[in-house]
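Coordinate analysis (summary)
Chain by chain, the residues run as shown.
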Protein chains: 2
Amino acid sequence: LKKLVIFGVGLIGGSVALALKKANFVTHIVGVGRNYAMLERALELGVIDSLSDALEANIHAACSGADLILIAAPVAQTKAILQSIKPHLQPQTTITDAGSTKNDVMTIACEILGAQFNQFVGGHPIAGAEKSGVTAATADLFVGKNVVLTPANLDDIQDDALRANNHAALRASHIARVTEMWQKCGANVREMSATNHDAIFAAVSHLPHLLAFALVDEIASRPNAEELFSFAASGFRDFTRIAGSSPEMWRDISLANKTALLNEISAYESELSQLKQLLKNDDGTGLQALFERASVVRNAWANGKK
Amino acid sequence: LKKLVIFGVGLIGGSVALALKKANFVTHIVGVGRNYAMLERALELGVIDSLSDALEANIHAACSGADLILIAAPVAQTKAILQSIKPHLQPQTTITDAGSTKNDVMTIACEILGAQFNQFVGGHPIAGAEKSGVTAATADLFVGKNVVLTPANLDDIQDDALRANNHAALRASHIARVTEMWQKCGANVREMSATNHDAIFAAVSHLPHLLAFALVDEIASRPNAEELFSFAASGFRDFTRIAGSSPEMWRDISLANKTALLNEISAYESELSQLKQLLKNDDGTGLQALFERASVVRNAWANGKK
């Protein structure tokens, strides 16, 4: 790539920049954002090669001649960023993002980009970290991690004229470019529909986060909360680690993936009610069988991940 | 102490032995158990000074002249072990255990020991580890960890003659001996009733274990389980770590602490139903407030623990 533009140079955007520089995959990286001090820090650290604020006039220069634009700002800003890019979006440029939910992002992108929707390839790198900000960025954050791509679905485009404009070959070249970018970061790229993505992550990520938040909130609300926490140990620490995550980010994810998440909560409530019934019936065999199924699967999974 | 007898020389029993040897607190440690090969390994490793199988005749010799007997075998064996000790229990000997639930153990001890119930001091060291067995034992397993003691409650003894036999001064000396043993291991000793212990651990340990088992079992039961697990990442790994725990042990703990645990599940179900309602109502402010309460408390707790 000759020119990569990154909106939001934090942990994710910064780590992509560092990985691509290490792989010699890109000649020039422009950082764009509302936090000018953070961008200056990124420039100092050699994460980006130039910077731009988010003013209309400067967006034009930043996006001009770009091969690829990566939106790695908080998801709540995606709409405004796409709107600011739209008037300056050249036909050869590919746009991708790094948001944790995809149906909402794809809907917004379709609405704003219209006939240029096929230039947009939704993305979600499955790599978190305790820390945030460009100072926590590392070139190896995505090595061995999954990245899900959710390319624009032509069926999402209602307007026939717009559909006609979305050539399959062009669409494939945009997908290939984003795939290559993540592969150069060391990631495993997997493609699926936004709906399938959101259903999968409701189960393995969003539900566990909500369950952990709920447990801590429930215990914290008790009169003897302080005594309870004083006896909580390492099992509690690991179980609740994700309850220390950003409240704003999880509000946005929960609302964006509401339908899938409500289904997951209901399925979990049924499971919990089964477990409760086994306990009420003193059904030791049934309890042990349930725990056995879970522990075998969990340990096999964890060992396979190593 | 001149003589300490440990029933069950695994991770817990072995670590107590190593810690007390390091502290020069005990002259002679006898290991007793059904697994002779494990005891021989413990002897080889210098964890114990002599060993004995669990046969009646040998229990007499093992317990003779003991200052302290620690039962650190799986909780399901506690009753049989107490029954085997009872005929050989001398008045100067203190007995304690290391089980994760206390009401059940105290009830069994009261039933079996009768007039000698005041020699029993229930105990629960709050120190787990991924590994088990004597080869995983270390002298510092309990350093800085909590140990809860639940001494015999005179109110638990219905028989007046037995009650008269339970002198306060004697009782205090047994508690002091167990307290000192754990302090020599580097632990913080806290005393409470068995009922209070079981209520606290139902909330901060037993419930989280059941929630983690339930999540993994629920996901594993789906037709696309393999796909789901292939996208699970580090948050899922930490949340479900305790779902890899021993199914037998958690069956026993669940049944032993059934009443408190059922209360905890119900309280959690209410919290989950509140969360679901916030989501149904698209109540972003309410969701963020709940997540914020949880994350602030969780991070303050985790930072305080360091």
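Heads up: these notes are all about the structure in this document.

Here the focus is the relation of the copies chain B and chain A. Take chain B, turn it by 180 degrees, move it 0.0 Å along the axis, and it overlays chain A with an RMSD of 0.1 Å. The two molecules are tied by a two-fold rotation axis, judged by turn and shift. For chain B, the residue whose C-alpha comes nearest the rotation axis is Phe239(B), separated from it by 2.0 Å. When the interface residues of chain B are mapped onto chain A, 100% of them again fall at the interface, so both copies present the same face.

Our focus in this paragraph is the packing of helix H1 (residues 11-22) of chain A against helix H7 (residues 168-184) of chain A. Residues and elements named next belong to chain A. At a closest axis distance of 8 Å, the pairing of H1 and H7 adopts a crossing angle of 80 degrees. By the angle between their directions, the pair H1 and H7 is classed as roughly perpendicular. Within the contact between the two elements, H1 uses Val16, Ala19 and Leu20 and H7 uses Met181, Trp182 and Lys184. Here the contact of H1 with H7 is built from residues that sort into 5 nonpolar, no polar and 1 charged.

Leave glycine aside and you will find that most residues have negative phi; peptide bonds, for their part, are mostly trans. All names here are of chain A. The backbone phi angle of Asp282 is positive, close to 50 degrees, even though this residue is not glycine. As for its placement among the helices and strands, Asp282 is situated in the loop between helix H12 (258-280) and helix H13 (284-305). A relative accessible area of 45% places Asp282 in the partly exposed class.

Our focus in this paragraph is the sheet that holds strand S2 (residues 28-32) of chain B. Residues and elements named next belong to chain B. Reading across from one edge, S3-S2-S1-S4-S5-S6-S7-S8 is the order of the 8 strands in this open sheet, with mixed pairing throughout. Edge positions in the open sheet fall to strand S3 (50-52) and strand S8 (188-191), since each of these has one partner strand only. In this sheet, adjacent strand axes meet at a mean angle of 25 degrees when their direction is disregarded. Of the strand pairs in this sheet, strand S7 (residues 146-151) and S8 are connected by 4 bridges, and their pairing is parallel. From the neighbouring strand, Val147 faces S8, where its bridge partner is Val189. Packed onto the sheet, helix H2 (residues 36-44) meets S2 and S3 and runs at close to 170 degrees relative to S3.

Attention shifts here to the side chain of Gln116(A). Residues and elements named next belong to chain A. Mapped onto the elements of the fold, Gln116 is located in the loop between helix H5 (103-113) and strand S6 (120-125). By relative accessible area, which is 16% here, Gln116 ends up buried. In terms of polar contacts, Gln116 uses its side chain to reach the side chain of Lys86, at 3.1 Å. Setting aside chain neighbours within four positions, we find Gln116 in contact with Lys86 and Leu89.

All names here are of chain B. Turning to helix H5 (residues 103-113), its buried residues are Asp104, Val105, Met106, Ala109, Cys110, Ile112 and Leu113. If you follow the buried residues of H5, they end up packed against helix H4 (78-85), strand S5 (94-97), strand S6 (120-125), S7, helix H8 (194-220) and helix H11 (247-256). Remark: Gly114 follows H5 within two positions and exhibits a positive phi of approximately 55 degrees.

Attention now moves to the sheet that holds strand S8 (residues 188-191) of chain A. Residues and elements named next belong to chain A. Taken together, 8 strands build an open sheet; the order of strands is S3-S2-S1-S4-S5-S6-S7-S8 and the sheet is mixed. Both edges of this open sheet fall to strand S3 (50-53) and S8, since each of them pairs with a single strand only. The sheet shows a mean angle of 25 degrees between the axes of neighbouring strands, direction not considered. Bridging between strand S4 (residues 68-71) and strand S5 (residues 94-97) involves 4 bridges; their strand directions are parallel. Bridging from a neighbouring strand, Ile71 pairs with Asp97 of S5. Here helix H3 (residues 56-63) sits on the sheet and contacts strand S1 (3-7), strand S2 (28-33), S3 and S4; the angle it forms with S1, its principal contact strand, is near 145 degrees.

What follows deals with the pairing of S1(A). All names here are of chain A. Most of S1 is tucked away: 5 of the 5 residues are buried. Where burial is concerned, the two faces of S1 agree: the one with Lys3, Val5 and Phe7 and the one with Leu4 and Ile6 are both buried. Pairing between S1 and S2: 5 bridges, direction parallel. Across the sheet, Leu4 pairs through a bridge with Ile29, a residue of S2. The parallel pair S1 and S2, bridged by H1, forms a crossover whose chirality is right-handed. In terms of strand pairing, S1 meets S4 through 4 bridges, oriented parallel.

Residue and element names in this part refer to chain A. Residue alternation in S5 divides its side chains into two sets, Thr94 and Thr96 and Ile95 and Asp97, and both sets are buried. The handedness of the S4 to S5 crossover, carried by helix H4 (residues 78-85), is right-handed. The pairing of S5 with S6 spans 2 bridges and is parallel. Note on S6: the bridge partner recorded for Ile95 is Phe120. Chirality of the crossover, the property in question, places the unit of S5, H5 and S6 among those that are right-handed.

Turning to the nonpolar core, a few remarks are in order. Judged by nonpolar contacts, the single largest core of 82 residues is most densely connected at Val204(A), Tyr268(A), Val204(B) and Tyr268(B). Once residues within four sequence positions are removed from consideration, Val204(A) is found in contact with Ile219(B), Leu228(B), Phe231(B), Ala232(B) and Phe236(B).

As enumerated under the stated definition, the model contains 22 salt bridges over all chains in all. One network of salt bridges, in which partners are shared, links Glu218(A), Arg222(A) and Glu264(B).

Taken together, the 83 residues of chain B in the interface contact 83 residues of chain A. Interface of chain B and chain A: buried area, both sides summed, is about 8,100 Å²; carbon and sulfur atoms make up 66% of it. Inspection of the chain B/chain A interface yields 10 salt bridges. Its salt-bridge partner being Asp238(B), residue Arg241(A) comes within 2.4 Å of it at the nearest N-O pair. Counting only elements with at least two residues in the side of chain B that touches chain A, the list comes to S7, H8, helix H9 (225-231), helix H10 (234-240), H11, helix H12 (258-280) and helix H13 (284-305) of chain B. In terms of residues, the side of chain B that touches chain A owes the most to one element, H8(B), which gives 18 residues. Counted by class, the side of chain B that touches chain A contains 45 nonpolar, 15 polar and 23 charged residues.

Here we take up the environment of Ser84(A). All names here are of chain A. When you line up the elements, Ser84 lands in helix H4. Judged by relative accessible area, Ser84 falls into the buried class, the value being 18%. Spatially, the C-alpha atom of Ser84 lies 8.9 Å from that of His60, the residues being 24 residues apart in sequence. The contacts of Ser84, once residues within four sequence positions are left out, are Phe7 and Ile59. Within the structure, Ser84 has its side chain in polar contact with the backbone oxygen of Ile81 (distance 2.7 Å).

Analysis parameters
Residues numbered from 1 in each chain as written. Chains lettered and ligands numbered in written order. Predicted model: local features only at pLDDT ≥ 70, side-chain atom pairs only at ≥ 80, totals over all residues. Heavy atoms only, no water. Least-squares fit on C-alpha atoms with pLDDT ≥ 70 in both. Contact = heavy atoms within 4.5 Å. Axes fitted to C-alpha atoms, helices over the stretch in contact; angles between N-to-C directions. Helix = DSSP H or I, 4+ residues; strand = E, 2+ residues; numbered from the N terminus. Parallel < 35°, antiparallel > 145°, perpendicular 65-115°, else oblique. Nonpolar A, V, L, I, M, F, W, Y, C, P; charged D, E, K, R; others polar. Buried < 20%, exposed > 50% of the residue type's maximum accessible area, 1.4 Å probe, protein only. Pairing = 2+ DSSP bridges. Polar contact = N/O pair within 3.5 Å; in protein donor to acceptor, adjacent residues only side chain to side chain. Right-handed = clockwise from strand over helix to strand, strands pointing away. Core = buried A, V, L, I, M, F, W, Y, C linked by side-chain atoms within 4.5 Å. Salt bridge = Lys/Arg side-chain N within 4 Å of Asp/Glu carboxyl O. Buried area = accessible area lost by both parts, 1.4 Å probe.

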